[in-house]
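Coordinates in review
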Amino acid sequence: MAKEGAQRAEETEQMIEKEGGKEAAEGSAAGSLRAGDTKEMRAVVLSGFGGLNKLRVSKKAMPEPQEGELKIRVKACGLNFIDLMVRQGNIDNPPKTPLVPGFECSGIVEALGDSVKGFEIGDRVMAFVNYNAWAEVVCTPVEFVYKIPDDMSFSEAAAFPMNFVTAYMMLFEVANLREGMSVLVHSAGGGVGQAVAQLCSTIPNVTVFGTASSFKHEAIKDSVTHLFDRNADYVQEVKRISTDGVDIVLDCLCGENTGKGLSLLKPLGTYILYGSSNMVTGETKSFFSFAKSWWQVEKVNPIKLYEENKVIAGFSLLNLLFKQNRGGLIKSVMDKLLTLYNNKKIKPVVDSLWALEEVKEAMQRIHDRGNIGKLILDVEKAPTPLVS
């Protein structure tokens, strides 16, 4: 292990020298970098809320770790549907722009802030970041950083935290998934949907109902028990197979699907809302779509919940991490997930790799729901040349 750590540290030093040489060359050409100037890095910057034209790759000052933080040389970053909502300003209390988006990444530890323990320079890690993940270098508190298993690639590591922690906590912490239960998950071909399907397979006799665009069915048909077209009347299809409905509904759509999900719950069943992608209908924020989506949400009557013995819940991993200070709980969940990974029970599904400069095209693929699994920004990837 010591030899392996030394090799990683040497690799990191070589990479830093390479980056430094590249930055110096760029600076010399532009006449902007001189001795004593702040080191710079590439980052995706959101200049204002709106469409894809608000995103660009530009130079920013490289951050340095504060007390309790790690500095990570980023190799890969995860893209999530929440990133589209951030770009549109379609979230509660959005931060001020300009900002660097992104909430998860993987890379190599480059420096340690004061009082950091348990990590060394050269460690391969994945991390949650409260924005700023889509950059060549990030700094984040040590409690949000986790070591990567030896056989996990950087792209897989960037696809792991958000999807699998969200899926695990909804299934096991909120809904208490047990043997013989049934689960309905929307967007079954997406990153969270595939994580849900894999985690359900670790429990005996769990039936998974999934909805997805029809062109994804062939690729994901083996990951769920019953698969339906997202535009079909899945309520009747589910009831045809399971007259009593399902035990757990995981809803990332919202709108009219909220009422449908509640109607499918068995007594003592749990409905969990963890997203509202139906509100994102165009490139920019639409107040009409927002209003329509919420208008379609069935008003929840507490007395009806009481009479029908149903549970309705919500889940936001980012709020749990960054606003409600549950980093310790997330760490225990990550430990369990990494054990499952090491035992070959789960594995991140990576849809495709994109250069930082291709972030607009990657976001459009998520918007069009074209991905199967996770889209990854590969920091070292060169943009694909346009075909004339």
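The rules behind each value
Residues numbered from 1 in each chain as written. Predicted model: local features only at pLDDT ≥ 70, side-chain atom pairs only at ≥ 80, totals over all residues. Heavy atoms only, no water. Helix = DSSP H or I, 4+ residues; strand = E, 2+ residues; numbered from the N terminus. Buried < 20%, exposed > 50% of the residue type's maximum accessible area, 1.4 Å probe, protein only. Contact = heavy atoms within 4.5 Å. Areas by Shrake-Rupley, 256 points an atom, 1.4 Å probe, with all protein chains shown as cover. Expected span 1.5 Å × (residues − 1). Arc of directions from axis to C-beta. Pairing = 2+ DSSP bridges. Axes fitted to C-alpha atoms, helices over the stretch in contact; angles between N-to-C directions. Phe/Tyr/Trp six-rings, centres within 6.5 Å; stacked < 30°, edge-to-face > 60°. Lys NZ or Arg CZ within 6 Å of the ring centre and 35° of its normal.

Considerations on the overall build of the protein
Along the protein, the regular secondary structure elements total 13 helices and 15 strands. A total of 388 residues make up the protein; the buried ones form 52% of that total. When contacts within the protein are restricted to residue pairs at least 6 apart in sequence, those whose partners lie at least 24 apart make up 70%. Counting only carbon and sulfur atoms, one obtains 51% of the accessible surface of the protein, whose full area is about 18100 Å².

A short note on helix H12 (residues 327-342)
For H12, with 16 residues, the first-to-last C-alpha span of 22 Å sits near the 22 Å given by 1.5 Å per residue. Among the residues of H12, Gly327, Ile330, Val333, Met334, Leu337, Leu338, Leu340 and Tyr341 are the ones counted as buried. Relative to the axis of H12, the buried residues are bounded by an arc of 150 degrees and lie together on one face. In this structure, the buried side of H12 is in contact with strand E5 (124-128), strand E7 (145-147), helix H3 (154-158), helix H4 (161-174), helix H5 (191-200) and helix H11 (317-322). Just downstream of H12, lysine 344 is the residue with a positive phi angle, here 65 degrees.

Digging into the sheet that holds strand E12 (residues 265-273)
Strand pairing in a sheet relies on backbone hydrogen bonds. The paired strands run either parallel or antiparallel. Pairing in this open sheet of six strands is parallel, and the strands run E10-E9-E8-E11-E12-E13 from one edge to the other. In the strand order of this sheet, the two ends are held by strand E10 (226-229) and strand E13 (311-314), each with one partner. With strand direction ignored, the average angle separating the axes of adjacent strands in the sheet is 15 degrees. Of the pairings in the sheet, the one linking strand E8 (residues 182-185) to strand E9 (residues 207-212) comprises four bridges and is parallel in character. In the strand pairing of E9, leucine 184 is matched with phenylalanine 209.

Some thoughts on the pairing of strand E14 (residues 350-354)
Examined bridge by bridge, E14 and strand E15 (residues 374-378) share four bridges and lie parallel to one another. The residue of E15 that forms the bridge with valine 350 is lysine 374.

Topic: the pairing of E12
Inspection of the sheet shows strand E11 (residues 246-251) paired to E12 by five bridges, in the parallel sense. In the strand pairing of E12, isoleucine 248 is matched with threonine 270. Sheet topology note: the E12/E13 ladder contains four bridges and is parallel. Residue pairing for E13: isoleucine 272 is matched across the bridge by alanine 313.

Notes on the environment of valine 109
For valine 109, the location among the structural elements is in strand E4 (residues 104-112). The exposure class assigned to valine 109 is buried, which follows from its relative accessible area of 0%. Distance in space between the C-alpha atoms of valine 109 and glutamate 120 is 7.0 Å, their sequence separation being eleven residues.

Topic: the packing of aromatic side chains
Enumeration according to the criterion identifies seven aromatic pairs in this entry. Note on tyrosine 168 and phenylalanine 172: the rings are 4.7 Å apart at their centroids and 45 degrees apart in plane angle, and the pair reads as tilted. Separated by four residues within a single helix, tyrosine 168 and phenylalanine 172 lie in helix H4, roughly one turn from each other. Seen in terms of ring centroids, phenylalanine 209 and phenylalanine 228 are 6.2 Å apart; in terms of plane orientation they differ by 15 degrees. Their pairing is stacked. Of this pair, phenylalanine 209 sits in strand E9 while phenylalanine 228 sits in strand E10; the two residues are 19 residues apart in sequence, bridging distant segments of the chain. Members of the aromatic cluster, joined through ring pairs, are Phe160, Phe164 and Tyr341. In this arrangement the basic side chain of arginine 124 is found over the ring face of phenylalanine 154, its NZ or CZ atom lying 4.8 Å from the centre.

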